[in-house]
Amino acid sequence: GHHVSSQRVRFQRRIRACRYDIDQFTPNFLSIFDSLVPSEEEIAKQKQLLAALSRLINKEWPNSKLYLYGSCANSFGFSNSDIDLCLSIDNKEMSKVDIILKLAEILQAGNFQNIQALTRARVPIVKLMDQVTGLSCDICVNNLLAVVNTKLLRDYAQIDRRLRQLAFIVKHWAKSRRVNETYQGTLSSYAYVIMCIHLLQLRRILPCLQEMDATCNVTLDDNQCAYFDHVDKLKNYGAHNKETVSSLLWAFFHYWAYQHDYMQDVISIRTGRIISKHMKDWTRRVGNDRHLICIEDPFETSHDLGRVVDKFSIKILREEFERAANILQYDANPSVTLFEPYMP
Ligand code: CTP
Ligand code: MG
């Protein structure tokens, strides 16, 4: 109707050409990226803790397996981030909560510190601190979809180095501006990485792995997870595109500030395209899912990663996208101003 078309005009008017001197800031953005990457030493410590925990847990449950997932395993983790672990265990006698409580006991006996069993959380976990490595971690149970989507993200990161650079800078911006807080209605780090993958798919810097012939295939709670994972064969995929991380950052924020159609569009890395809210029946609020910004999960396709966003936080988020887009367009020091802490 009228409303939609006038909104489209507004979007089009605001599309600007990328600032001509944006590339001069690339070294600054890359040095921010370098400062956030975890050291070899830290990665070794994470592996050491995984090994120690696996040994302890396997004594009690020989057929279980402990997986790293999330930022420590998807290659989008900053230094000093907490470790996400998932215990895969096939135990018909015990409920998830029973397993969490038993796990807490096992860890207690194994001399780990600050152990807390959070059995009433949406995803029940055990939290702990390890004095040997100084690392903290969260362990969940049988959440294998997260293990598989972690591998998908890691595989995408191996195709073109600009994905990891872009996503680190976007995550750093989101944390500085406090729009990476799902309990406040803003987006998860996982959602931001998916948004970056989508942008690079549209620019033909990344392929759509789920549309290619599958070389890995698992079915988890009715969700089929199948995609091409021989990513070493795709190392030159994006080489024809010479855009720098600064111009990609500009494109990212311009897209979310001025080009994305919040009324109609869903971004989907599963298809490598924008699909319609209408097609997914995501046009109205159902329960707590408001679908004000729609980001399809690559495997759990009924899951909108934007479902945490409400009518207040959507405003905050869109204002932050606009602020970032304007800084990248006009500011004399975008690599500083972009990350200025949000002051309430
Ligand atoms: N995850 C998911 N669905 C979501 C959010 C998260 O499956 N809606 C899973 C993903 O496997 C993701 C992991 O949980 O990799 C951790 O999510 P998150 O904390 O958002 O990302 P991290 O990569 O751990 O980022 P951070 O550095 O902020 O901890
Ligand atoms: Mg995390």
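Rules and cut-offs
- Residues numbered from 1 in each chain as written.
- Chains lettered and ligands numbered in written order.
- Predicted model: local features only at pLDDT ≥ 70, side-chain atom pairs only at ≥ 80, totals over all residues.
- Heavy atoms only, no water.
- Near = heavy atom within 4 Å.
- Polar contact = N/O pair within 3.5 Å; in protein donor to acceptor, adjacent residues only side chain to side chain.
- Areas by Shrake-Rupley, 256 points an atom, 1.4 Å probe, with all protein chains shown as cover.
- Helix = DSSP H or I, 4+ residues; strand = E, 2+ residues; numbered from the N terminus.
- Pairing = 2+ DSSP bridges.
- Axes fitted to C-alpha atoms, helices over the stretch in contact; angles between N-to-C directions.
- Buried < 20%, exposed > 50% of the residue type's maximum accessible area, 1.4 Å probe, protein only.
- Phe/Tyr/Trp six-rings, centres within 6.5 Å; stacked < 30°, edge-to-face > 60°.
- Lys NZ or Arg CZ within 6 Å of the ring centre and 35° of its normal.

**Student:** What is the right way to look at the site of ligand 1 in this model?
**Tutor:** As a matter of local geometry, ligand 1 sits amid 15 residues, with S71, N149, K171, K175 and S189 nearest to it. Between N74 and ligand 1, the recorded distance is 3.3 Å, taken from a side-chain N or O atom to an oxygen atom. Between ligand 1 and K175 there is a distance of 2.7 Å, counted from an oxygen atom to a side-chain nitrogen or oxygen. Burial of ligand 1 by the protein amounts to 75% of the accessible area it has alone, namely 580 Å². Looking at the shell around ligand 1, the elements that each hand over two or more residues are α4 (71-74), α6 (144-159), α7 (161-176) and α8 (189-202). For the shell around ligand 1, the element with the most residues is α6, which contributes three residues.

**Student:** Looking at this structure, how should I read the sheet that holds strand β3 (residues 113-118)?
**Tutor:** By definition, the strands of a sheet pair up through backbone hydrogen bonds, in either a parallel or an antiparallel sense. Taken in spatial order, the five strands line up as β1-β2-β5-β4-β3 in an open sheet, and their pairing is mixed. Every interior strand has two partners, whereas the edge strands, β1 (65-69) and β3, have only one. Strand-to-strand twist of the sheet, defined as the mean angle between neighbouring strand axes without regard to direction, takes the value 20°. As judged from the five bridges shared by strand β2 (residues 83-88) and strand β5 (residues 136-141), these two strands associate in the parallel manner. The residue of β5 that forms the bridge with L85 is I139.

**Student:** I keep staring at the environment of I43 and nothing clicks. Help me out?
**Tutor:** Assignment of secondary structure puts I43 in helix α3 (residues 40-60). Overall, I43 belongs to the partly exposed group, its relative accessible area being 30%. Note: C-alpha distance between I43 and S136 (93 residues apart in sequence) is 14 Å.

**Student:** Explanation requested: the packing of aromatic side chains in the structure shown.
**Tutor:** To describe a pair of aromatic rings, you give the distance between the ring centres and the angle between the ring planes. Tallied over the full model, the rule gives eleven aromatic pairs. For the pair W173 and Y192, a centre-to-centre distance of 6.0 Å together with 90° between the ring planes defines the contact as edge-to-face. In this pair, W173 sits in helix α7 while Y192 sits in helix α8, placing the two residues 19 residues apart along the sequence. Taken individually, W173 and Y192 each receive the classification buried, so the pair is uniform in this respect. Taking 5.0 Å as the distance between ring centres and 90° as the angle between the ring planes, the aromatic pair formed by Y255 and W256 counts as edge-to-face. The pair Y255 / W256 is uniform in exposure class, with both members buried. Three or more aromatic residues link up through ring pairs in this structure, and these residues are W173, Y192, F252, F253, Y255, W256, Y262 and F321. Over the aromatic face of F78 sits the side chain of K171, whose NZ or CZ is 4.8 Å from the ring centroid.

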